[in-house]
Amino acid sequence: MFITFEGGEGTGKSTLIEIIKQRLIDKGYEIVLTREPGGKGSKFAENIRDLVLDPKYKNVNAHTEALLYAASRAQHLDEVILPALKQKKIVLCDRYLDSSLAYQAFARDLGLDYVLNINRYALDKLPNLTFYIDLDPKVGLGRIKDRSKNDRLDQEKLSFHEKVRKGYLELVDKYQSRIVVIDGNKSISEIAVEMIEEINKRL
Ligand code: TYD
C-alpha cells in the first residue's frame, strides 16, 4: 500500500507521519517512510532536493523547478518506492505528485496538463490513498515562523500559499476516490485517529 501526505506549510504533516508509522509498526506492518523532493534511500534524489530547496538561489525558472521535482520523483520511485511496494511493505511518503500539481501546476501557473505530462512516469504509480491536510496558510505560516531554517518555498508570499491551497482543493475535487481531506485545525491526536481509520478501511 502506497500512502502519501500532502498539505501546505505548517500543517503538522511530519509529526503525523511519524505517529502513523509507529501505529502501523505496532500492528506488525513493515513500513518505509520517505519524502519528496528527494527520498530517504536515494542519494541522487536527495541531491536534487538540496538544490531545489536551497534559499540561496533566487529567480529559479518555474519550468526548471518543475522538471527537477519530476526528475527526483522518477529516481525516488525506482530506488525507493517501487522496491518497497514489491516487498509488500507499506510506503508512507511525505509529499508526492500532488505537491507538483498544487505548487507547480496551480501556484506557479504551469497548468495541470504540462505538469502531468512531465510526471508521466509517476502517473503509473499513483498512491492508493492520499491525505490532504487543509489549513488556512495564515495559520500554517504562523506556526512555522520561528523555525530557524526556512526553505526557498517557505519564503514565498502569503498569496502564493493561498494559491497552493486553492490548487489542492481543486485536486481533492478531481481525485475524490484517492484523496481524503483532513481538517488541519484539529489536534494532532484527533487527526491521527482519523487517518488510522481511513487506512484500516483499505488494509
Ligand atoms: P519540505 O522541507 O519537505 O517541507 P514541508 O513538506 O514541511 O513543507 O519542503 C518541500 C517544499 O517543496 C514545500 O514547500 C513544497 C515544495 N514542493 C513542490 O513545490 N513541488 C513538489 O513536487 C514537491 C514534492 C515539493
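Above this text is the structure in question.
In this report, the structure presented in the accompanying data block is examined.

Criteria and thresholds
Residues numbered from 1 in each chain as written. Predicted model: local features only at pLDDT ≥ 70, side-chain atom pairs only at ≥ 80, totals over all residues. Heavy atoms only, no water. Near = heavy atom within 4 Å. Polar contact = N/O pair within 3.5 Å; in protein donor to acceptor, adjacent residues only side chain to side chain. Areas by Shrake-Rupley, 256 points an atom, 1.4 Å probe, with all protein chains shown as cover. 1 Å grid on protein atoms, 1.4 Å probe; cavity = no way out; pocket = protein on both sides within 12 Å on 5 of 7 lines; lining within 4 Å. Sits in = over half its atoms within 2 Å of the grid points. Helix = DSSP H or I, 4+ residues; strand = E, 2+ residues; numbered from the N terminus. Buried < 20%, exposed > 50% of the residue type's maximum accessible area, 1.4 Å probe, protein only. Contact = heavy atoms within 4.5 Å. Arc of directions from axis to C-beta. Axes fitted to C-alpha atoms, helices over the stretch in contact; angles between N-to-C directions. Parallel < 35°, antiparallel > 145°, perpendicular 65-115°, else oblique. Left-handed = near helix turned anticlockwise from the far one by under 90°. Nonpolar A, V, L, I, M, F, W, Y, C, P; charged D, E, K, R; others polar. Pairing = 2+ DSSP bridges. Phe/Tyr/Trp six-rings, centres within 6.5 Å; stacked < 30°, edge-to-face > 60°.

1. A short note on the site of the ligand
What surrounds the ligand is a group of 15 residues, the closest being Glu 9, Lys 13, Arg 95, Ser 100 and Gln 104. Within the side chain of Glu 9, one N or O atom sits 2.8 Å away from an oxygen atom of the ligand. For the ligand, an oxygen atom lies 2.5 Å from a polar atom in the side chain of Ser 100. Surface burial for the ligand is 91%, taken as the share of its 540 Å² of free accessible area covered by protein chains. Spatially, the ligand is embedded in the largest pocket. Residue assignment for the shell around the ligand shows that the elements contributing at least two residues are α2 (43-53), α3 (62-86) and α4 (97-107).

2. Some thoughts on the side chain of Arg 178
Its place among the elements puts Arg 178 in the loop between α8 (158-174) and β5 (179-183). Arg 178 gets classed as buried once you look at its relative accessible area, which sits at 8%. Aside from chain neighbours lying at most four places away, what touches Arg 178 is Asp 98, Pro 127, Asn 128, Leu 129 and Thr 130.

3. A word on α2
Buried residues of α2: Ala 45, Glu 46, Ile 48, Arg 49, Val 52 and Leu 53, and no others. Down the axis of α2, the buried set is contained in an arc of 155°. They therefore lie on one face. Seen from the open side of α2, the exposed residues pointing more than 90 degrees away from its buried face are Lys 43 and Phe 44.

4. Examining the packing of helix α1 (residues 13-26) against helix α9 (residues 188-202)
Between α1 and α9, the shortest axis-to-axis distance is 10 Å and the interhelical angle comes to 50°. Considering their axes alone, α1 and α9 lie oblique with respect to each other. Pair α1 / α9 crosses with right-handed handedness. Of the residues in α9, those touching α1 at Thr 15, Leu 16, Ile 19, Ile 20, Arg 23 and Leu 24 are Ile 188, Ile 191, Ala 192, Met 195, Ile 196 and Ile 199. Residue composition of the contact of α1 with α9, grouped by class: 10 nonpolar, 1 polar and 1 charged.

5. Section: the sheet that holds strand β1 (residues 2-7)
Taken in spatial order, the 5 strands line up as β2-β3-β1-β4-β5 in an open sheet, and their pairing is parallel. A single partner strand is all that each edge strand has here, and the edge strands are β2 (31-35) and β5. Ignoring strand direction, the axes of neighbouring strands in this sheet form an average angle of 20°. Across 5 bridges, strand β4 (residues 129-134) lies against β5 in parallel orientation. Each bridged residue has a counterpart across the sheet, and for Phe 131 the counterpart in β5 is Val 180. With respect to the sheet, α8 is in contact with β1, β4 and β5, its orientation differing from that of β4 by roughly 140°.

6. Notes on the packing of aromatic side chains
The final tally for this structure, using the stated rule, is 5 aromatic pairs. Summarising the aromatic geometry, the rings of Tyr 103 and Phe 160 are spaced 6.1 Å apart at their centres and angled 55° between planes, so their arrangement reads as tilted. Of the two residues, Tyr 103 sits in helix α4 while Phe 160 sits in helix α8, which places them 57 residues apart along the sequence. Summarising the burial analysis for this pair, Tyr 103 and Phe 160 share the class buried. Plain terms: the ring middles of Tyr 103 and Tyr 168 are 6.4 Å apart, the flat faces sit at 85° to each other, and that makes the pair edge-to-face.

Distances and angles like these do not, on their own, reveal function.
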